[in-house]
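One-letter residues, chain by chain:
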Amino acid sequence: MLGINSNSMNSLFGFGKSSSASSSPFSALASSLSDYNMIRSGSYKKLMTSYFAKTDANAFRSAFNSSKVTNKSTSTSKDSTETLSKVESAAKELKDSASNLLKTGTKSVFNKVDTKDEDGNTVKAYDTDKIYKAVKAFVDDYNAMVQAADSSKTTAIQKSTISMINATSKYETSLNKIGITIDSDNYRLSVDEEAFKKADMNRVKDLFNGTNSFASNVKSQASMIEYRADNEASRANTYTVNGGYSSNYSSGSMWDSFY
């Protein structure tokens, strides 16, 4: 017998509660032997694989969440998709209202209908109420187009809108004769219903019906603006890193181009 009791053995291999146990070289040896057995059995490999799998998953989630916050985009458009959508929609509405005035044949608003004259006789005359309604819709859509374009900073859209405004100014005298005026400050149109309905409807027809009419000119300009907005939207609707479309919000006024 070597005379070593159980307490001495526990103390030697670090099993006791004394503070010196943790510093024992035998304690480190026991730990190394335990690690060695784990490596031989394959448990160590499983532990490490599990650890790194969790670490990679956490790293991926962190990177993904970071990309969602930054929402980086490669859009090169000066306007947001919201602005471009409004411009495109306004241009289409104006184009449609112009097309309605330009219709010919039985669908034309300028077809004469049977009506009673002051003496009660049945005569053919223009339906001034119907014509006024169509022209008023055109005027409203024209103003909406100008307002929508005023929010755009896209040069092509601004130039096309300014071209439409300049073309409209050339018809100012003719428009005034039928009760339509142009606001010199914001370039909107306004129509006086009473003056319009008293105007010569032949003049109205010349302005709003025909290949080279005012309405035809505006329709061409509206089509160009619609095209410009759609083309710019292809640059604004750029896919972001988290799979969504970006919107680059901006502000400005195209009226700066006049000064």
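If you're wondering where the values come from, they're calculated on a predicted model, not measured in any experiment.

Chemist: Explain helix α6 (residues 155-169) to me, and be specific about the residues and the numbers.
Modeler: Over its 15 residues, α6 extends 21 Å from the first C-alpha to the last, a length consistent with the 21 Å expected when each residue adds 1.5 Å. For α6, the full list of buried residues reads I157, Q158, S160, T161, I162, M164, I165, A167 and T168.

Chemist: Pulling in residues and values, what's your account of the pairing of strand β1 (residues 112-116)?
Modeler: The pairing of β1 with strand β2 (residues 122-126) spans five bridges and is classified as antiparallel. The residue bridging V113 from the neighbouring strand is A125, located in β2. Hairpin remark: β1 followed by β2, antiparallel, with five residues in the connecting loop; positive phi at G120, about 90°.

Chemist: Quick rundown of the packing of helix α5 (residues 128-150) against α6? Include the residues and the values.
Modeler: One way to put it is that α5 packs onto α6 with a least axis distance of 10 Å and a crossing angle of 145°. When the axes of α5 and α6 are compared, the crossing they make is left-handed. Touching Y142, M145, V146 and A149 of α5 are I157, T161, M164, I165 and T168, all from α6. Residue composition of the contact of α5 with α6, by class: seven nonpolar, two polar and no charged.

Chemist: Give me the lowdown on the side chain of S216, citing residues and values where you can.
Modeler: Relative to the elements of secondary structure, S216 occurs in helix α10 (residues 214-236). Not counting residues up to four positions away in its chain, the partners in contact with S216 are L102, G210 and T211.

Chemist: So what's going on with the pattern of salt bridges? Which residues, and what values?
Modeler: Counting across every chain of the model gives eight salt bridges. Across the salt bridge formed by K86 and E82, the nearest N and O atoms sit 3.7 Å from each other. One end of the pair is K86 and the other is E82, both in helix α4 (residues 81-102) and four residues apart, which spans about a single turn. Among the residues examined, K86 registers a relative accessible area of 51% and is labelled exposed.

Chemist: I'd like a rundown of helix α9 (residues 201-208), residues and numbers included.
Modeler: Those residues of α9 that fall on the buried side of the exposure criterion are M201, V204, L207 and F208. Projected down its long axis, α9 shows its buried positions confined to an angular sector of 115°, all on one face. A side-chain oxygen of the first residue of α9 lies 2.9 Å from the backbone nitrogen of N202; this N-cap is D200. The first or second residue beyond α9 is G210, which carries a positive phi of 140°.

Chemist: Give me unusual backbone geometry: which residues, what numbers.
Modeler: Backbone geometry places Y187, a non-glycine residue, at a positive phi of 65°. Structurally, Y187 can be placed in the loop between β3 (180-182) and β4 (189-191).

Chemist: Can you lay out the side chain of S97 for me, pointing to particular residues and giving the numbers?
Modeler: Residue placement: S97 occurs in helix α4. A residue is classified by how much of its surface remains accessible, and S97, at 8% relative accessible area, is buried. In this structure the side chain of S97 is engaged in a polar contact, spanning 3.0 Å, whose partner is the backbone oxygen of L94. Among all residues touching S97, those that are not within four sequence positions of it are A137, F138 and D141.

Rules used throughout
Residues numbered from 1 in each chain as written. Predicted model: local features only at pLDDT ≥ 70, side-chain atom pairs only at ≥ 80, totals over all residues. Heavy atoms only, no water. Helix = DSSP H or I, 4+ residues; strand = E, 2+ residues; numbered from the N terminus. Expected span 1.5 Å × (residues − 1). Buried < 20%, exposed > 50% of the residue type's maximum accessible area, 1.4 Å probe, protein only. Pairing = 2+ DSSP bridges. Axes fitted to C-alpha atoms, helices over the stretch in contact; angles between N-to-C directions. Left-handed = near helix turned anticlockwise from the far one by under 90°. Contact = heavy atoms within 4.5 Å. Nonpolar A, V, L, I, M, F, W, Y, C, P; charged D, E, K, R; others polar. Salt bridge = Lys/Arg side-chain N within 4 Å of Asp/Glu carboxyl O. Arc of directions from axis to C-beta. Polar contact = N/O pair within 3.5 Å; in protein donor to acceptor, adjacent residues only side chain to side chain.

Just geometry here; none of it tells us what the structure is for.
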